[in-house]
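Residues per chain are reported as follows:
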Amino acid sequence: LPIHELAHAFIAYRLGDVTARDYGRLSFNPLDHLDPIGAAMIMLGGFGWAKPVPVNPYGLYRSRNSTVGFALVALAGPMSNLVLAALFAIPFRLHLISLVGASSGSTNALATFGEGLLYNFIVVNIALAVFNLIPIPPLDGSRIAVAILPPQWGEYILRLEQYGIMIVLALVFLGVIGLLMGPPM
């Protein structure tokens, strides 16, 4: 989650918005991105969130317009998850992890644990990317959808923002999100 949020902050900064930098969010430090309720939800329910990066769409003066700039900032988070998954998939696919434990039984168990951990890291990052691309506010996909859909559809999506978190949580707890994410995963 910290890399995901850092990617948002970095792209916003590169497009001219200094808000995230001024709030200390242009950082690898996980504590800078920690949302106490989101972290508790991750621990207790297996689903949670990080603190959203503040972005001033009018500060994105290096983009064509604020809608496109905001979409680029939103896309940076899921793309960072896909890049992380790809980078960590390389040693997994090349079986570099399993080579570590080839000599002794105890190290072999450690290598198997490492392989499982690496595999889960890859799957979680892909799941985060796919989940965040769902076009329901406050997810990143909503900002991307607003930029690419006809304006009247974008306005409809933006009107959902006040109810967005409740819609997302309801869909997660009802299991609908899992059904939506299955095919892209």
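*Asks:* Help me understand the overall build of the protein in this model?
*Replies:* Along its length, the protein carries ten helices and zero strands. What you see in the protein, going N to C, is helices and strands ordered as α-α-α-α-α-α-α-α-α-α. With the C-alpha coordinates of the protein rotated into their principal frame, the extents come out at 60 × 35 × 30 Å. Put simply, the protein has 185 residues, and 35% of those count as buried. For the protein, the share of sequence-separated contacts (at least 6 apart) that also reach a separation of at least 24 residues comes to 62%. As displayed, the protein has an accessible area near 11000 Å², and 70% of this comes from carbon and sulfur atoms. Charged side chains of the protein number 9 positive and 9 negative; the gap between the two group centres comes to 7 Å.

*Asks:* Hey, could you run me through a nonpolar patch on the surface in this one?
*Replies:* Side chains of Val83, Leu87, Phe88, Ile90, Leu94, Leu96 and Phe121 sit close together on the surface and give an oily, nonpolar patch of about 630 Å² of accessible area. Broken down by element, the nonpolar patch gets its largest block of residues, four residues, from helix α4 (residues 66-93). Inspection of the secondary structure puts Ile90 in helix α4. Residue Ile90 is classed as partly exposed on the basis of its relative accessible area, which comes to 47%.

*Asks:* Please clarify how the side chain of Ser80 should be interpreted in this entry.
*Replies:* As for its placement among the helices and strands, Ser80 is situated in helix α4. Judged by relative accessible area, Ser80 falls into the buried class, the value being 11%. Once you skip the residues sitting within four places of it in the chain, Ser80 turns out to touch Ile3, His4 and Ala7.

*Asks:* What's the story with the packing of helix α1 (residues 2-14) against α4 in this structure? I'm lost.
*Replies:* A pair of packed helices is characterised by two quantities: the angle between their axes and the separation of those axes. Remark: α1 packs on α4, axes separated minimally by 8 Å, with the N-to-C direction vectors making an angle of 140°. When the axes of α1 and α4 are compared, the pair comes out oblique. The two elements α1 and α4 cross, and the hand of that crossing is right-handed. Across the interface between the two elements, Ile3, His4, Ala7, His8, Ile11 and Ala12 of α1 pack against Leu72, Val73, Ala74, Ala76, Gly77, Pro78, Ser80, Asn81 and Leu84 of α4. When the residues that make up the contact of α1 with α4 are grouped by side-chain class, the tally is ten nonpolar, five polar and no charged.

*Asks:* Looking at this model, I keep getting lost on the confidence of the model for the protein. Mind explaining?
*Replies:* As a note on interpretation, predicted positions should not be read in detail where pLDDT is low. Considering every residue of the protein, the mean pLDDT works out to 87; 92% of them sit at 70 or more. Here residues 99-104 is a poorly scored stretch, pLDDT under 50, and it has four contacts once near neighbours within four places are set aside; other chains count.

*Asks:* Just to check I follow, could you spell out the pattern of salt bridges for this structure?
*Replies:* Here the idea is simple: oppositely charged side chains can pair when their charged atoms come close. The full count for this structure, using the stated rule, is two salt bridges. The partner of Arg21 in a salt bridge is Asp22, with the nearest N and O atoms 3.0 Å apart. Residue Asp22 is classed as exposed on the basis of its relative accessible area, which comes to 53%. The closest approach of N and O atoms between Arg143 and Glu161, which form a salt bridge, is 2.9 Å. Of the two residues, Arg143 is situated in helix α7 (residues 140-148) and Glu161 in helix α9 (residues 161-173); the sequence distance between them amounts to 18 residues. When its relative accessible area of 21% is taken as the criterion, Arg143 is described as partly exposed. Among the residues examined, Glu161 registers a relative accessible area of 33% and is labelled partly exposed.

What counts, and at which threshold
Residues numbered from 1 in each chain as written. Predicted model: local features only at pLDDT ≥ 70, side-chain atom pairs only at ≥ 80, totals over all residues. Heavy atoms only, no water. Helix = DSSP H or I, 4+ residues; strand = E, 2+ residues; numbered from the N terminus. Buried < 20%, exposed > 50% of the residue type's maximum accessible area, 1.4 Å probe, protein only. Contact = heavy atoms within 4.5 Å. Areas by Shrake-Rupley, 256 points an atom, 1.4 Å probe, with all protein chains shown as cover. Lys, Arg positive; Asp, Glu negative; His and termini not counted. Charge placed at Lys NZ, Arg CZ, Asp CG, Glu CD. Patch = residues over 30% accessible without salt bridge, like charges linked within 9 Å, V, L, I, M, F, W, Y side chains within 5 Å. Salt bridge = Lys/Arg side-chain N within 4 Å of Asp/Glu carboxyl O. Axes fitted to C-alpha atoms, helices over the stretch in contact; angles between N-to-C directions. Parallel < 35°, antiparallel > 145°, perpendicular 65-115°, else oblique. Left-handed = near helix turned anticlockwise from the far one by under 90°. Nonpolar A, V, L, I, M, F, W, Y, C, P; charged D, E, K, R; others polar. pLDDT = per-residue confidence, 0-100.

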